[in-house]
Amino acid sequence: WRRGALGISEDPQAPSMMWGIAAVAVPPSRQALFSTTPSPVVPDMAGTKPNLAFMLIDDLGWSDTQFGGSGSADFGFISTPRMKGLESESVHFNRHYAYSWCAPSRSSLLSGRMPVHVNVNHSIPTAFIPSDPDSSGEGIPAGMTTIGTKLQSAGYKTHYVGKWGVGFTWKGQNPVERGFDSFFGYLHDSIDFWDEKLGYQSIEVPGGCEKVTGNGNPEKFKDYPWWDGAPMATDLVRFPNSNGEQGPDRLNGTKWVDYMFLNESLNIINQHDTSAPLFLLHSFHSIHAPLNADAELYNLHPDGNYMPPPCEHPDSLWPEKEMRTCFNRWPGPSRKSYAAMVTWTDKAIGDVIDRLKARSMWQNTLMIVSADNGGAQYFSHIGYQLWGSGNNLPLRGGKTSDWEGGIRVNSFATGGLLHGSPMLGKSTDAMIQFADWYATFCHLAGVNPKDDVAISKHLPDVDSINQWNVLWSEAARERDEFHVSPVTLIAYGGKWKLLTGPDPGNINSHTVPGFVPFNYYGVGYYNSIGMEASPQGLAGPPETPGFVAQGGVEATWGAICDGMDKSPSVVVDPIGGATVLTLWNKSIPLGFPLRCPPVGEDCTAGCLYDLDNDPEEMHNVAKGSMTPEQSAIHADMMNRLKAYATKWSPTNTNGVFNPVRNGNSLRCASASICQQYYAGDDECGADFHKCGSEFCSDDEAAYDPDCYPDCLVCPPGIGPPACTPTTGPKMNLKGCTNPATCHKFTNETGFYSWVAPAAGP
C-alpha cells in the first residue's frame, strides 16, 4: 500500500481539504452531502439488462492478491496472474465495505440492506418462532425481497452456485424461493471440502435437531478429546434436483467441492440462452477454513512456493498421505494451503471469464470480484486447517473485527460493459457498501429497488445506493456514511470512523463492553516456518516494544483461553501474564503479556480515526487533544451512533433491526448490555450465554432443557416443545433432541438440510 500512489498524506494529523467544520455544522444524512450528478462520460445504462456476475471469495485478505486490495500478494508469496492481468480492464475499490464476518455480509449483498437492517446477530439454523415466518429464523427474513427476485422480474435467468449462508429455517428462505432459478451448493456457513459434511473440522457444527439423523463416523475421530462422537450432517443440495425437487445432491463426497462449483458455473454459461440476460452469483467455499486443498493446487505457483502438499510433511498426523484426511496438528503448512486456494480461485475466475468470452457474452457483462469480509486471522489448537492464514496488512485487525482489516474488502469491477470507462486501470476512494450492488444491478436491469413486500410486512426497506456513476467517474461519490455495526460508524464521506466497543452480535468470545478486538497488525499464519520468520511467533498490540508487523498470528482468544481446558497440548504459563505459549509441544514467543480474557482497544469514550490520512488506524484522534472541528465531529458521530443503536421500527428506520428470532428473551449476559446497545430490545444477538458451569447455544437451551437443566429456556409456546432424553442424561450427545419433535419442527418450517443423506462414496 503506497500512500503517495493513493494520494494519502504522510502526516496522519494533516487536515483534509474536503471535509472541515462546515461539514459538522449540518450533520450529514445517510445520503451524500455532495452532488452526485453524473459526469457527461457516464453512459445511461438504465434498463439495458447486461449480464451480471458476482464472484464472491470467502475470507480473502486485503493483501492476498497481486491485484485488488493492497496488491502485495502476501509479501509476494501468492500468485494471482489472472487478477493481475485484469488490472488495466478493471476499477479497483479502495473503500468497499462489508460486515466483519460471513452471514451479515451476504445478507446485506442479497437483500440490499446495510447489515444493521437485515442481520447482525450470530443465530442458528433452527431458530424460529412458529407464528412469525416473515422475520424469525436466521439470516435474511423470508419477508424481504432479494436481488434474485428483482432480477427475475426483469427477465433475467438467475443462478446461485456455492455457499448460501443467509438462512434456511423456513422454506421461504431457500434459494429457489428467493429468486434463483437454480441453486447448487451448501446452506450452512462451512462444510468439509471433500465429503460436504459438518464435522468437528467445520467452523459451524450441527446441533440440536441437526444431530438427530446425522451420518458421521465417530470411530475415526475417537482419539480427539474435543470430538464428542456426534453424527455429522451432510450439506450439498441442488434446487431443483434431477427429479425436479428440492433436496440433497448425489455428488456429495465425489470431488473437492470448489471443483464441483466451478464446473456448475461453467455449465450454466454453456447452457444459457443468450436471448435473456444472465445473473450468476458464484460463491466460493475457498478460502474459508478448513484449509483442506486438493494436492494438485499446491503445484499452481510458477516458482513452487506452495510445495509440497502438507501430507508429505514429516509432521503429518495421517500416515496414509491422502489430502482428504490430512489434518496436521502443527500449523506450518497453513500459509501454503491458504495461498494455494487463493491461486485456485484466481484460476477459476479466469475460467469463468474465458467461458463468457467463448459464448460472446463478456462484452455485455459486468463482473464484481470481492471478498465477503477481511482475511481470517484466527488459529486453532486442533490443526493447521482451522487457522485463518489471511493477510490484511497494513490494515488493522481482520475477520470478526470492526477494524478496517475486518470490513474493508479486497475487490474490483471488470467486464466488457465497462469498455471506454476512464476509470479502467484506476482506483476509486468512493465509499461503497455491499448492499449497494442491489440498487446498482436494479438500475442496470431497469427495475425499482424499493421493496414493497417488506414494507407491507413491517420490515426494513432497502437502503442500497446505485454506484454506477462511480464506475465511470473519478469524482463520483454516492454514499456518505456506513453504519457498520451497532457500535461502529463511518461518516463524512468515509473520512471519519468511530468505534465504541465490541460488536455484540459477533461470533467473538471473551469480549468486554467498550473494548474493540482485535487491535493488532499481523497475519493469520505462524511465521517461524517458511518465509518472513520474525522474532515473534504471535502478533502483539501495536504498542508492544519491538513489534514486528509481519510476524505471526492474531487469534480469536477462545482458541487460547478456551483451548487450555480442551487439549493437554495447550499450556499457558503463567496464566494472566505469559510470555511463551506452548502449542503442539513447541514454544511460541508471544512478545507481549497474555491475559485471559484480553480486552482489546479501550474505546469506551469513542475511538475516532481519520481514514483519509490514517487508513491503518494507528492514531486515535480522541485519545489526545482534539481540535474544535474534531471535537464537533466526535460529538456528532457519538450522538448519531447512539440514536442509530435504538431498536428499528417502521417509524424509526435508522435503528438496528434485530428481532427476536427464536423467542429466547435472555440472550446476553446482562440486561445493562442489552439496554446499552439496543435500548429496550430483549435480544443482544450473542449466540451463547453462560449457564452455571456450562455454555449452551440457543437451540440447546430452547429445545433441550432436560439435557442442560441449568440453561435458560424459551417461554412456553416459542419453538418446538421440550424433549426428554430417551437414554441416559444426555443421550451421549451434546444437545439431545427427540426425533418426533424435530420432525414436527421440519414440517412446520420446511427446514431439511440436516436430513440430507450421505449420497456419494
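Residues numbered from 1 in each chain as written. Predicted model: local features only at pLDDT ≥ 70, side-chain atom pairs only at ≥ 80, totals over all residues. Heavy atoms only, no water.

Trainee: Now, about the overall build of the protein chain: what can you tell me, with residues and values included?
Mentor: Check the secondary structure of the protein chain and you find 15 helices and 25 strands. Out of the 761 residues belonging to the protein chain, those deemed buried represent 62%. Considering only contacts within the protein chain whose residues lie at least 6 apart along the sequence, 73% involve residues at least 24 apart. Total accessible area on the protein chain is roughly 25,500 Å²; 54% of this is exposed by carbon and sulfur atoms. (Helix = DSSP H or I, 4+ residues; strand = E, 2+ residues; numbered from the N terminus. Buried < 20%, exposed > 50% of the residue type's maximum accessible area, 1.4 Å probe, protein only. Contact = heavy atoms within 4.5 Å. Areas by Shrake-Rupley, 256 points an atom, 1.4 Å probe, with all protein chains shown as cover.)

Trainee: With reference to specific residues and values, describe the nonpolar core.
Mentor: In this structure, Leu-366, Met-367, Phe-441, Trp-468 and Leu-471 are the most contacted members of the largest nonpolar core, which totals 112 residues. By residue number, the principal contributor to this core is helix 7 (residues 334–358), which donates eleven residues. Leaving out residues up to four positions away in the same chain, Leu-471 has contacts with Val-91, Phe-93, Leu-366, Ala-413, Leu-418, Ser-421, Met-423 and Trp-437. Listed in part, the 20 residues of the second largest apolar core include Tyr-99, Val-116, Val-516 and Tyr-609. (Core = buried A, V, L, I, M, F, W, Y, C linked by side-chain atoms within 4.5 Å.)

Trainee: Could you give me a rundown of the side chain of Lys-399, with the residues and numbers involved?
Mentor: Relative to the helices and strands, Lys-399 resides in the loop between strand 11 (365–371) and helix 8 (404–407). Reaching out from Lys-399, the side chain makes a polar contact with the side chain of Asp-59 at a distance of 2.9 Å. (Polar contact = N/O pair within 3.5 Å; in protein donor to acceptor, adjacent residues only side chain to side chain.)

Trainee: Which residues make up the pattern of salt bridges, and what values do they have?
Mentor: Inspection of every chain in the model, using the stated rule, returns 23 salt bridges. Of the charged contacts in the structure, one is a salt bridge between Lys-163 and Asp-58, with a shortest N-O distance of 2.8 Å. Of this pair, Lys-163 sits in strand 4 (residues 157–163) while Asp-58 sits in the loop between strand 1 (51–57) and helix 2 (73–76); the two residues are 105 residues apart in sequence, bridging distant segments of the chain. Classification of Lys-163 by relative accessible area gives buried; the value is 0%. (Salt bridge = Lys/Arg side-chain N within 4 Å of Asp/Glu carboxyl O.)

Trainee: Which residues make up helix 12 (residues 628–644), and what values do they have?
Mentor: With 17 residues, helix 12 should cover 24 Å at 1.5 Å per step; its first-to-last C-alpha distance of 24 Å lies within 8% of that length. Of the positions making up helix 12, those classed as buried are Gln-630, Ile-633, His-634, Asp-636, Met-637, Arg-640, Leu-641 and Tyr-644. Taken around the axis of helix 12, the buried residues stretch over an arc of 170 degrees, which confines them to a single face. Away from the buried face of helix 12 by more than 90 degrees, exposed residues Pro-628, Asn-639 and Lys-642 are located. (Expected span 1.5 Å × (residues − 1). Arc of directions from axis to C-beta.)

Trainee: Help me get a handle on the state of the cysteines, residues and values and all.
Mentor: As used in these notes, a disulfide is a covalent bond between sulfur atoms, one from each of two cysteines. Taken as a whole and judged by the stated rule, the model has one disulfide. One disulfide in the model links Cys-603 with Cys-607; its S-S distance is 2.1 Å. Linking Cys-603 and Cys-607, the disulfide has an S-S dihedral of approximately -100 degrees and is accordingly described as left-handed. (Disulfide = S-S within 2.5 Å.)

Trainee: Provide a residue-level description of the packing of aromatic side chains, including the pertinent values.
Mentor: Tallied over the entire structure, the rule returns 24 aromatic pairs. Relative to Phe-657, the ring of Trp-648 lies with its centre 5.9 Å away and its plane at 85 degrees, an arrangement referred to as edge-to-face. Per residue, the accessibility class of Trp-648 equals that of Phe-657, and both read buried. Members of the aromatic cluster, connected to one another through ring pairs, are Phe-93, Tyr-160, Trp-164, Phe-180, Phe-183, Phe-239, Phe-279, Trp-437 and Phe-441. Directly above the ring of Phe-77 sits Arg-335, whose terminal nitrogen or CZ lies 4.0 Å from the centroid. (Phe/Tyr/Trp six-rings, centres within 6.5 Å; stacked < 30°, edge-to-face > 60°. Lys NZ or Arg CZ within 6 Å of the ring centre and 35° of its normal.)

Trainee: Can you explain helix 6 (residues 257–271)? Please cite residues and give values.
Mentor: Taking 1.5 Å per residue, 15 residues should reach 21 Å; helix 6 reaches 21 Å between its end C-alpha atoms and fits that length. The buried fraction of helix 6 is high, at eleven of 15 residues. Those residues of helix 6 lying buried are Val-257, Asp-258, Tyr-259, Met-260, Phe-261, Leu-262, Glu-264, Ser-265, Leu-266, Ile-268 and Ile-269. Looking at the buried positions of helix 6, the neighbouring elements they touch are strand 4, strand 5 (182–186), strand 8 (237–239), strand 10 (278–283) and helix 7.

Trainee: Describe the confidence of the model for the protein chain, with residues and values.
Mentor: Here the protein chain averages 74 in pLDDT, and 62% of its residues register 70 or above. Of the regions scoring below 50 in pLDDT, residues 212–231 engages in 47 contacts with residues more than four places distant in sequence or in other chains. Scored below 50 in pLDDT, residues 591–595 makes 21 contacts in the model with residues more than four places away or belonging to other chains. (pLDDT = per-residue confidence, 0-100.)

Trainee: Describe the pairing of strand 11, naming the residues involved and giving the relevant values.
Mentor: When you tally the buried positions in strand 11, you get seven out of seven residues, the bulk of the element. Of the two faces of strand 11, both are covered, the one formed by Thr-365, Met-367, Val-369 and Ala-371 as well as the one formed by Leu-366, Ile-368 and Ser-370. Bridge count for strand 1 against strand 11 is seven bridges, and the pairing is parallel. Across the sheet, residue Met-55 finds its bridge partner in strand 11, namely Val-369. For strand 11 and strand 12 (residues 411–414), the ladder comprises four bridges, and the chain directions are antiparallel. Note on strand 12: the bridge partner recorded for Ile-368 is Ala-413. (Pairing = 2+ DSSP bridges.)

Trainee: Quick one: what's the story with the sheet that holds strand 23 (residues 607–610), residue by residue and with numbers?
Mentor: Pairing within the open sheet is antiparallel, and its four strands lie in the order 15-16-17-23. Sheet topology places strand 15 (482–485) and strand 23 at the edges, where each strand pairs with a single neighbour. Going from strand to strand, the sheet's axes swing by 15 degrees on average, the running direction of each strand aside. The pairing of strand 17 (residues 496–499) with strand 23 spans four bridges and is classified as antiparallel. Note on strand 23: the bridge partner recorded for Leu-498 is Leu-608. (Axes fitted to C-alpha atoms, helices over the stretch in contact; angles between N-to-C directions.)

Trainee: Hey, could you go over the packing of helix 6 against helix 7 for me, with residue numbers and the actual values?
Mentor: Following both chains from N to C, one finds helix 6 and helix 7 inclined at 10 degrees, their axes separated by 9 Å at the closest point. Considered as vectors, helix 6 and helix 7 are oriented roughly parallel to each other. Contact residues: helix 6 offers Asp-258, Tyr-259, Leu-262, Leu-266, Ile-269 and Asn-270, while helix 7 offers Trp-344, Ala-348, Asp-351, Val-352, Arg-355 and Leu-356. Each residue belonging to the contact of helix 6 with helix 7 can be placed in one class, and the counts come to eight nonpolar, one polar and three charged. (Parallel < 35°, antiparallel > 145°, perpendicular 65-115°, else oblique. Nonpolar A, V, L, I, M, F, W, Y, C, P; charged D, E, K, R; others polar.)

Trainee: Please give an account of the environment of Gly-167 that cites residues and values.
Mentor: Along the chain, Gly-167 falls in the loop between strand 4 and strand 5. Considering only alpha carbons, one finds Gly-167 and Ile-140, 27 residues apart in sequence, at a separation of 6.1 Å. Setting aside chain neighbours within four positions, we find Gly-167 in contact with Glu-138, Gly-139 and Gln-173.

Trainee: Explain the pairing of strand 4 to me, using residue names and the numbers behind them.
Mentor: In terms of burial, strand 4 is largely enclosed, as six of its seven residues are buried. The pairing of strand 4 with strand 5 spans five bridges and is parallel. Bridging across to strand 5, His-159 finds its partner in Ser-182.

Trainee: Before we move on, can you summarise the environment of Val-42 with the specific residues and values?
Mentor: When you line up the elements, Val-42 lands in the loop between helix 1 (22–25) and strand 1. For Val-42 and Trp-468, which are 426 residues apart along the polypeptide, the C-alpha to C-alpha distance reads 8.4 Å. Leaving out residues up to four positions away in the same chain, Val-42 has contacts with Trp-468, Asn-469, Trp-472 and Ser-473.

Trainee: Now, about unusual backbone geometry: what can you tell me, with residues and values included?
Mentor: In this structure, Pro-308 follows Met-307 across a cis peptide bond, with omega equal to -5 degrees. Within the secondary structure, Pro-308 sits in the loop between strand 10 and helix 7. With an omega dihedral of 5 degrees, the bond running from Leu-393 to Pro-394 counts as a cis peptide bond. For Pro-394, the location among the structural elements is in the loop between strand 11 and helix 8. Within the chain, Asp-59 stands out as a residue other than glycine whose phi angle is a positive 65 degrees. Mapped onto the secondary structure, Asp-59 falls in the loop between strand 1 and helix 2.

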